[in-house]
There are 2 protein chains.
Amino acid sequence: MSEANIYNQHLGQVPANYAALSPLTFLERAASVFPNRTAVVHGEVRRTWAETYRRCCQLASALSQRGIGVGDTVSIICPNLPEHFEAHFGVPMVGAVLNSINTRLDAASVAFILRHAEAKILITEREMSPIVNKALSLLEDDKLPLPLVIDIDDPSFSGGALLGDVTYEQFIAAGDPEFAWQMPANEWDAISLNYTSGTTGDPKGVVYHHRGAHLNAVSNALSWGMPSGAVYLWTLPMFHCNGWCFPWTIAAIAGTNVCLRHVRADLILSLVKSEKVDHLCGAPIVLSMMLGAEDEQKAGIEHKVKVMTAGAPPPAAVIQGMEELGFDVTQVYGLTETYGPCVVSEWKHEWDDQSVEARARLKARQGVRVQLQDGLMVADPVTLEPVERDGETIGEIFMRGNIVMKGYLKNAKTTDAAFAGGWFHSGDLAVWHPDGYVEIKDRSKDIIISGGENISSIEIEDTLYRHPLIQDVAVVAKPDEKWGEVPCAFVNLVDGANLTENEVIAYCREHMARFKVPKKVVFVNLPRTSTGKVQKFILRQWAVDAK
Amino acid sequence: MSEANIYNQHLGQVPANYAALSPLTFLERAASVFPNRTAVVHGEVRRTWAETYRRCCQLASALSQRGIGVGDTVSIICPNLPEHFEAHFGVPMVGAVLNSINTRLDAASVAFILRHAEAKILITEREMSPIVNKALSLLEDDKLPLPLVIDIDDPSFSGGALLGDVTYEQFIAAGDPEFAWQMPANEWDAISLNYTSGTTGDPKGVVYHHRGAHLNAVSNALSWGMPSGAVYLWTLPMFHCNGWCFPWTIAAIAGTNVCLRHVRADLILSLVKSEKVDHLCGAPIVLSMMLGAEDEQKAGIEHKVKVMTAGAPPPAAVIQGMEELGFDVTQVYGLTETYGPCVVSEWKHEWDDQSVEARARLKARQGVRVQLQDGLMVADPVTLEPVERDGETIGEIFMRGNIVMKGYLKNAKTTDAAFAGGWFHSGDLAVWHPDGYVEIKDRSKDIIISGGENISSIEIEDTLYRHPLIQDVAVVAKPDEKWGEVPCAFVNLVDGANLTENEVIAYCREHMARFKVPKKVVFVNLPRTSTGKVQKFILRQWAVDAK
């Protein structure tokens, strides 16, 4: 280009042609375009988008009255209730940051988070009160200032205590439903803070910004083809990556949020039928639960339901079972650091004619980047050199683009390490198939190294899942004097089934290379986190002790 | 907030967590995820996304070899051919700006545009050669440097001349299909330049940027609920607001582009059937054409086809006719300055049970802002005070947000005027209904002021369209000594129909207030622009002359 660029002359950003990307606009639009459409269903409670918008404005106004503003943290610990949905809008409407806390953490972890996040407000709920009460005591013991505690007093739970001085309804009643809330001054401003459920060490605070929340909310609708007015069931915890950004997605498409306090198969199946739920998300364990429900509960679903699953590769048998039930399962993959899913196992029509088993295996691959993510690769963890796309070479999964976190709160060193080389380091190990689809083989720390050979624990699990009598399985490394490590399988059988350790080992010998066969099999109920992930750090301890 | 904002400490933009928004990433993704899916169909030509991507890279590489780079203009004038689609990617891949020229302009206008845009390259096609040849002569006459002329030599048209030294195929053959193209350094960088087909005065060059093109491409898919792999027929000219950004949308959903040189009902209906087209866009005149086709051509469409229409409010009779044919019509509204549509007549389920006529009237309203547009209002043109939402008070339509142009090229004064007060001034007059839907009543200059009363020409047109013997109608002001202006109707009857001026006037007296009844009725074929808009400036002249 020889002359000055004519396209940069008097063509800058002005209020008419530039707006910060933020999911907050979706709420205002849903309320103005579909004021009478149902926004939230929770038991007897049904609120329209107009009503929900007014309550969000009241929450924002009430927070503002208490001096909460840009950069302040508002924590919430509660199930998937309407108030939790409202907090996703009311809190950022004053520039504050929503910190949604895992409801199954212990008191010490909750106290750590409140302290680290410098929470000025804590919204809690009666069912959470035992843990929250203890967490607040821990802060008091340390002479730390306590947040203002607001209690959601929800009639769908009996028991527990109100811990604070004000209920949620009292608090927002003081707020102005016409409050003049503000868009973020900058789309890079923080919108939420999610602590990763680390298996060891202190949790890390993952910060999201308005731009990323907007783009991932849209990405969900785009990659799932969600129509306006879809009905979404809250089987996925809202504390999990802000429910993968779905509170903002449902506002974008002016859909309906069907709340759910407890993830129980009977409740899920009943709501799917009564509310005509057509979309839901959850870990594979949620799908297994639904499959395990009584036939009567499973009968009578006559509309199509789309299910997004992540957290672990769903066993082929689970995908197959759900499809037979009439559910359309899509596997997605992501991490807290990527706003939840940013990789989707996109389906190709040319696979339609393959066998059920072959299709389930294709669906069990994590897939390709979503449209709005910029980059995805499997590469050498040190050199960042992409691995061969041969479906065999194991490398680490890297992402980059707008659907990657702002960084870790007050943790510059870990942030820099996570972003080293211009890519986000996921810590997950995978192969890259010739067609560009990524398939996870393990977390770095879940790889079993036996006699110098890398063994994927997931590969062994997948094989065991195909055994008709095995319902649940996890494989970890067991220290071994001779081999360094050997695979140890923890197995839960289907009700009434009978299987011995030797029979399991014999089955493995038939279906995998000799060096991969577990040397030890233990029959147990698997310990899982609140988000459905198997707690392998517990199993590793058990494996050490297993004789 | 009392202390420093903890959410802005070491949480800035780095390559891992920030990427410029640009539609270019959609092409690369479509090619890598769906390499074998058909991207482009044109007669016998069928190219996959992998092939199309390689050709775009070749085009970019070849342009780069000629020294074309950031801020340079590459003009193209050609029908909806594969090469036109490729230019939407290959040109911005080197940072250059695509200027797609209206194929129905006269030579002087084309010359004006080439000169004003400072085009360094002109891609043309044999069918365009008579006009382009003249336009180039006009530049030569003015001793201006000529752009490098590249000829598309497409076998689907016989005749015309090759004007340049190199064909498109020769040109890209020199390019590297593995070319390392670059994302824009800044998402605010220009991606395209579209001249408005002004009815008087010089055309204005509307500049789009990568961010807006990305967001509107996504917005199209989101507001239309387009699934991955949709099949899109190019009935809408690509030169019209870059085909409303649909080249980028189709890449985002990895769909299929079905090209179309001439908009003819038989071709459209035949392709809908043979290629299983499920989405198309066009002015209402395109829909009228399809409705007017022979029954045999209309028969045999067994799949659902979605149609987006804009450019003028489609007459209720046309919406109704298309629905009876099995097409699902959505009206959208926008301007060149808003990347095409940014307002959608979003449908509500509660309207399903209304009469066909009532539904058609609801669909004829322009609607509400799309999810990704920030603001829409009807307001006083001077004070920018929003009008009452009473469905009666007329005001001007204003938009603001990311789906508003960067500005007018080399036209600071007009840019400032268009953006005055923080909103884009559309120049269109509308009412705002109580439910928030906008309904256009007229362009500012199309309002007829008769005896001090404002008369909406569109209202008269709508009434006349409901007459069973009237196929096409436009109403303009005719100067009148007594009343200042009076309505003058230009009417085209359906084939074989017979109707007198007095009969039309009598019909109007039955259906509208006396002062609105046209004082003059003229039977003609309406003059239209290449985009289907009635050329009212011509009619105004005819009205002056009509006795």
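On a predicted model such as this, the values are computed, not experimentally measured, just so you know. (Residues numbered from 1 in each chain as written. Chains lettered and ligands numbered in written order. Predicted model: local features only at pLDDT ≥ 70, side-chain atom pairs only at ≥ 80, totals over all residues. Heavy atoms only, no water.)

**Considerations on the overall build of chain A**
Cut-off, in case you're wondering: Numbering of helices and strands runs from the N terminus; a helix is a DSSP stretch of H or I covering at least four residues, while a strand is a stretch of E covering at least two. Every radius of gyration here is taken over C-alpha atoms, with the globule rule written as 2.2 Å times N^0.38, N being the number of residues. Note on exposure labels: buried denotes an accessible area under 20% of the residue type's maximum, exposed denotes more than 50%, and partly exposed covers the range between, all computed with a 1.4 Å probe on protein chains only. Whether two residues are in contact is decided by their heavy atoms: any pair within 4.5 Å suffices. Only the protein chains shown count as covering a residue, and every accessible area follows the Shrake-Rupley method with a 1.4 Å probe. Asp and Glu are treated as the negative residues and Lys and Arg as the positive ones, with His and the ends of the chain left uncounted. A charged residue contributes its charge at one atom only: NZ of Lys, CZ of Arg, CG of Asp or CD of Glu.
When helices and strands are counted, chain A shows 18 helices and 26 strands. Taking 24 Å as the expected radius of gyration for a compact globule of 547 residues, we find that chain A reaches 24 Å, a close match to that expectation. Projected onto its principal axes, the C-alpha coordinates of chain A cover approximately 75 × 70 × 55 Å. Residue burial in chain A is summarised as follows: out of 547 residues, 61% are buried. Taking contacts inside chain A between residues at least 6 apart in sequence as the whole, the part at least 24 apart equals 69%. By element, 49% of the accessible surface of chain A is carried by carbon and sulfur atoms, the whole surface being about 20,400 Å². With 49 positive and 66 negative side-chain charges, chain A shows a separation of 2 Å between the mean positions of the two kinds.

**Quick look at the sheet that holds strand S8 (residues 190-195) of chain A**
All names here are of chain A. Quick reminder of the rule: The criterion for strand pairing is that DSSP finds at least two bridges linking the strands in question. Every axis in this analysis is a line fitted to C-alpha atoms, fitted for helices over the stretch in contact. Angles between the N-to-C directions lie between 0 and 180 degrees.
A sheet is described by the order of its strands in space; here eight strands give the open sequence S7-S6-S5-S3-S4-S8-S9-S19, paired in mixed fashion. The open sheet is flanked by strand S7 (166-167) and strand S19 (407-408), the only strands paired with a single partner. This element, helix H4 (residues 107-117), spans strand S3 (73-76), strand S4 (97-100), strand S5 (119-125) and S8 of the sheet and lies at about 150° to S8.

**Comments concerning the packing of helix H1 (residues 24-33) of chain B against helix H2 (residues 49-65) of chain B**
Residue and element names in this part refer to chain B. Filter applied, for reference: Every angle not falling under 35 degrees, over 145, or within 65 to 115 is termed oblique; those three ranges are roughly parallel, roughly antiparallel and roughly perpendicular. By convention, the crossing between two helices is left-handed when the near helix turns anticlockwise from the far helix through less than a right angle, and right-handed when the turn is clockwise. Under the grouping applied here, Gly and all other residues not named as nonpolar or charged are polar, the nonpolar ones being Ala, Val, Leu, Ile, Met, Phe, Trp, Tyr, Cys and Pro and the charged ones Asp, Glu, Lys and Arg.
Relative orientation of the contacting elements H1 and H2 amounts to 140°, with a least axis distance of 8 Å. Between H1 and H2, the interaxial angle falls into the category oblique. The two elements H1 and H2 meet at a crossing, and its hand is left-handed. Seen from H1, the contacting residues are Leu27, Glu28, Ala30 and Ala31; seen from H2, they are Trp49, Ala50, Tyr53 and Cys56. In terms of residue class, the contact of H1 with H2 is made up of seven nonpolar, no polar and one charged.

**Topic: the side chain of Ser75 of chain B**
Residues and elements named next belong to chain B. Defined as follows: Two N or O atoms form a polar contact when they lie within 3.5 Å of each other; inside protein one atom must be a possible hydrogen donor and the other a possible acceptor, and for residues adjacent in sequence the pair counts only when both atoms belong to side chains.
Residue placement: Ser75 occurs in strand S3 (residues 73-76). Reaching out from Ser75, the side chain makes a polar contact with the side chain of Asn99 at a distance of 2.7 Å. Leave out the neighbours within four places in its chain, and Ser75 touches Asn99, Ile101, Leu114, Ala119, Ile121, Leu122 and Ile123.

**What to know about the pairing of strand S26 (residues 520-523) of chain A**
Residues and elements named next belong to chain A. We count it as follows: Handedness rule for crossovers: strands pointing away from the viewer, path from the first strand over the helix to the second running clockwise, crossover right-handed.
The pairing of strand S25 (residues 484-493) with S26 spans four bridges and is parallel. The partner of Cys488 across the bridge, within S26, is Lys520. Where the polypeptide runs from S25 across helix H17 (residues 501-511) and back to S26, its parallel neighbour, the crossover connection is right-handed.

**Some remarks on the nonpolar core**
Applied cut-off: Here the nonpolar core consists of buried residues drawn from Ala, Val, Leu, Ile, Met, Phe, Trp, Tyr and Cys, with membership extended through side-chain atoms lying within 4.5 Å.
With 214 residues, the main nonpolar core has Phe246 and Met399 of chain A together with Phe246 and Met399 of chain B as its most contacted residues. Setting aside anything within four residues of it in sequence, one finds Phe246 of chain B in contact with Asn220, Trp224, Met226, Tyr232, Trp234, Cys281 and Met308 of chain B.

**Here's the deal with helix H18 (residues 536-545) of chain A**
This is how the line gets drawn: Each C-beta atom gives one direction from the helix axis, and the arc is the one those directions make.
All of the buried residues in H18 of chain A are Lys536, Leu539 and Ala543 of chain A. All buried residues of H18 of chain A fall inside an arc of 50° around its axis, so they share one side.

**Some thoughts on the packing of aromatic side chains**
What characterises a pair of aromatic rings is the spacing of the ring centres plus the angle enclosed by the ring planes. Stated precisely, the cut-off is as follows: Here is the rule: rings of Phe, Tyr and Trp (six-membered ring for Trp) pair when centre to centre is within 6.5 Å. Planes less than 30 degrees apart are stacked, more than 60 are edge-to-face, and the remainder are tilted. Whether a charge sits over a ring depends on NZ of Lys or CZ of Arg being within 6 Å of the ring centre and within 35 degrees of the ring normal.
With the rule as written, the count across this model stands at 22 aromatic pairs over all chains. Measuring from ring centre to ring centre gives 4.0 Å for Tyr208 of chain A and Tyr339 of chain A, while their planes differ by 25°; the resulting arrangement is stacked. Taken together, the residues Tyr208 of chain A in strand S9 (residues 205-209) and Tyr339 of chain A in the loop between strand S14 (327-335) and strand S15 (340-344) connect sequence positions 131 residues apart. A network of ring pairs unites the aromatic residues Trp224, Tyr232, Trp234 and Phe246 of chain A as a single cluster. The ring of Phe34 of chain A carries Arg37 of chain A above its face, with NZ or CZ at 3.8 Å from the centroid. It is Lys363 of chain B that lies over the ring of Trp347 of chain B; its NZ or CZ is 5.3 Å from the centre.

**Some details on the domain arrangement of chain A**
Reports of interface size often rely on the accessible area that becomes lost once the parts have come together. This is how the line gets drawn: Where each domain starts and ends follows an automatic or database-derived domain assignment.
Assigned domains of chain A: these are domain 1 (48-179 + 187-209), domain 2 (263-444) and domain 3 (447-545). Here the C-alpha centre of domain 3 of chain A lies 22 Å away from the C-alpha centre of domain 2 of chain A.

**Considerations on the relation of the copies chain A and chain B**
Mapping one chain copy onto the other needs a rotation about an axis and a shift along that axis. Put simply, the rule reads: The copies were overlaid by least squares, fitting only the C-alpha atoms of residues that reach a pLDDT of 70 or more in each copy.
When chain A is fitted onto chain B, the two copies agree to an RMSD of 0.1 Å after a turn of 180° and an axial shift of 0.0 Å. Expressed as an axis order, the relation between the two copies is that of a two-fold axis. An overlap of 100% is found between the interface residues of chain A and their copies at the interface of chain B, pointing to a shared contact surface.

**Describing the interface of chain A and chain B**
This is how the line gets drawn: Summed over both partners, buried area is the accessible surface (1.4 Å probe) that two parts give up on being assembled. Salt bridge, as used here, is a side-chain nitrogen of Lys or Arg placed within 4 Å of a carboxyl oxygen of Asp or Glu.
Taken residue by residue, the interface counts 80 residues in chain A and 80 residues in chain B. Here chain A meets chain B over a buried area of about 6,400 Å², counting both sides, of which 55% is carbon and sulfur. Among the residues of chain A in contact with chain B, Tyr7, Leu11 and Arg29 of chain A are the three that bury the most area, contributing 12% of the side total. Taken together, chain A and chain B are joined by six salt bridges. Among the elements of the structure, helix H1 (24-33), S8, helix H7 (210-224), strand S16 (368-369), strand S18 (395-400), S19 and helix H15 (412-418) of chain A are those that each provide at least two residues to the side of chain A that touches chain B.

**Some words on helix H14 (residues 356-363) of chain A**
Residue and element names in this part refer to chain A. For H14, the complete set of buried residues consists of Arg359, Ala360, Leu362 and Lys363. Down the axis of H14, the smallest arc covering the buried residues is 160°, so these residues share one side. For H14, the elements touching its buried residues are helix H13 (316-325) and S14.

**Focus on the sheet that holds strand S6 (residues 148-152) of chain B**
Residues and elements named next belong to chain B. Taken together, eight strands build an open sheet; the order of strands is S7-S6-S5-S3-S4-S8-S9-S19 and the sheet is mixed. A strand with exactly one partner marks an edge of an open sheet, and here the two such strands are strand S7 (166-167) and strand S19 (407-408). For S6 and S7, the ladder comprises two bridges, and the chain directions are parallel. Paired with Asp151 across the strands is Thr167, a residue of S7.

**So, unusual backbone geometry**
For Cys241 of chain A, which is not glycine, the phi dihedral falls at a positive 50°. Take Cys241 of chain A: it is sitting in helix H8 (residues 241-244). Positive phi, normally seen in glycine, also occurs at Tyr339 of chain B, with a value near 60°.

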